[in-house]
Amino acid sequence: MKRMVMLLATVLLISTTVTAQSRRTRKEWFAGVNPLSYAMAFPLKEEIKRFGPVAAGNEYGFNAVGGFHSGRWHSEARISLGKIHQVAFVGQLHAGTNYHFMYTSKNNTGNSFYLGGYLKYWDYSNVLTSIHFHNVSPYLAAGRQWHIKRWMIDARLNQTICIVSWSDIENSGVGSSWYLSPWPGFIKVLPTAGLTIAYKI
């Protein structure tokens, strides 16, 4: 448990450092979507519905992304709202910061690779029983951005580290565990992919 608290504190420290950095550098804002998240909302074959979210960063249905670039840093927030199936509705919020390597400055951003840290909250809600399962996880991101005029394409891999969970069930407590894969029984470590298409505003 102490290790997990340290990981959460590290994500918050990175976010604070970037906030201080961004005050000294011009910001360039962007807004976009994960198109694969919207695809997960359609009626799909069971096999695609089960494994498709790995390619969509575990985001389902409505999705919006917003953030800004500030020199070598870029910070963003994400929201996703949708049903995994008829019984479960999932609402998600992500926030984090990335540091760009091999950076070429052009209009304050450039095509580059990055590494980052994020914090994710999601509410897994059973629509039949109205029971909510709340979860918080830190995760690492590694990706690549391409800038074409005012458009930005962002492709990445996300690796979740651990999870803290609690629910509305009476007499239940808070639990925590390492969480390196959505299907630990199938594969012990499994990052998810992600795609964002955004417009600089």
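Scroll up a little and you will see the structure.
Residues numbered from 1 in each chain as written. Predicted model: local features only at pLDDT ≥ 70, side-chain atom pairs only at ≥ 80, totals over all residues. Heavy atoms only, no water.

Student: Would you mind going over the overall build of the protein with me for this structure?
Tutor: Along its length, the protein carries 3 helices and 10 strands. Starting at the N terminus and walking to the C terminus, you meet the elements of the protein as α-β-α-α-β-β-β-β-β-β-β-β-β. When the 201 residues of the protein are sorted by exposure, 42% land in the buried category. Across the protein, contacts joining residues at least 24 apart in sequence account for 58% of those joining residues at least 6 apart. Carbon together with sulfur atoms contributes 67% to the accessible area of the protein, which is approximately 11,200 Å² in total. (Helix = DSSP H or I, 4+ residues; strand = E, 2+ residues; numbered from the N terminus. Buried < 20%, exposed > 50% of the residue type's maximum accessible area, 1.4 Å probe, protein only. Contact = heavy atoms within 4.5 Å. Areas by Shrake-Rupley, 256 points an atom, 1.4 Å probe, with all protein chains shown as cover.)

Student: Sorry, what's going on with the packing of aromatic side chains here?
Tutor: Between two aromatic rings, the relevant description is the distance of the centres plus the angle of the planes. In this structure the tally under the stated criterion is 7 aromatic pairs. Between tyrosine 38 and phenylalanine 62 the ring centres are 6.4 Å apart and the planes differ by 80 degrees, which places this aromatic pair in the edge-to-face class. Of this pair, tyrosine 38 sits in helix H2 (residues 35-39) while phenylalanine 62 is found in strand E2 (residues 62-70), placing the two residues 24 residues apart along the sequence. A connected cluster of aromatic rings, assembled from ring pairs, spans Trp73, Tyr99 and Phe101. The ring of phenylalanine 68 has lysine 27 sitting right over it, with the charged end atom 5.6 Å from the ring centre. Sitting above the plane of the phenylalanine 113 ring, arginine 144 keeps its charged end 4.8 Å from the centroid. (Phe/Tyr/Trp six-rings, centres within 6.5 Å; stacked < 30°, edge-to-face > 60°. Lys NZ or Arg CZ within 6 Å of the ring centre and 35° of its normal.)

Student: Looking at this structure, I do not really get the side chain of threonine 196. What am I missing?
Tutor: Tracing the chain through its elements places threonine 196 in strand E10 (residues 192-200). Within the structure, the side chain of threonine 196 is placed 3.1 Å from the side chain of arginine 78, a separation counted as a polar contact. Not counting chain neighbours up to four residues away, the residues in contact with threonine 196 comprise Val33, Val65, Arg78, Met152, Ile153 and Asp154. (Polar contact = N/O pair within 3.5 Å; in protein donor to acceptor, adjacent residues only side chain to side chain.)

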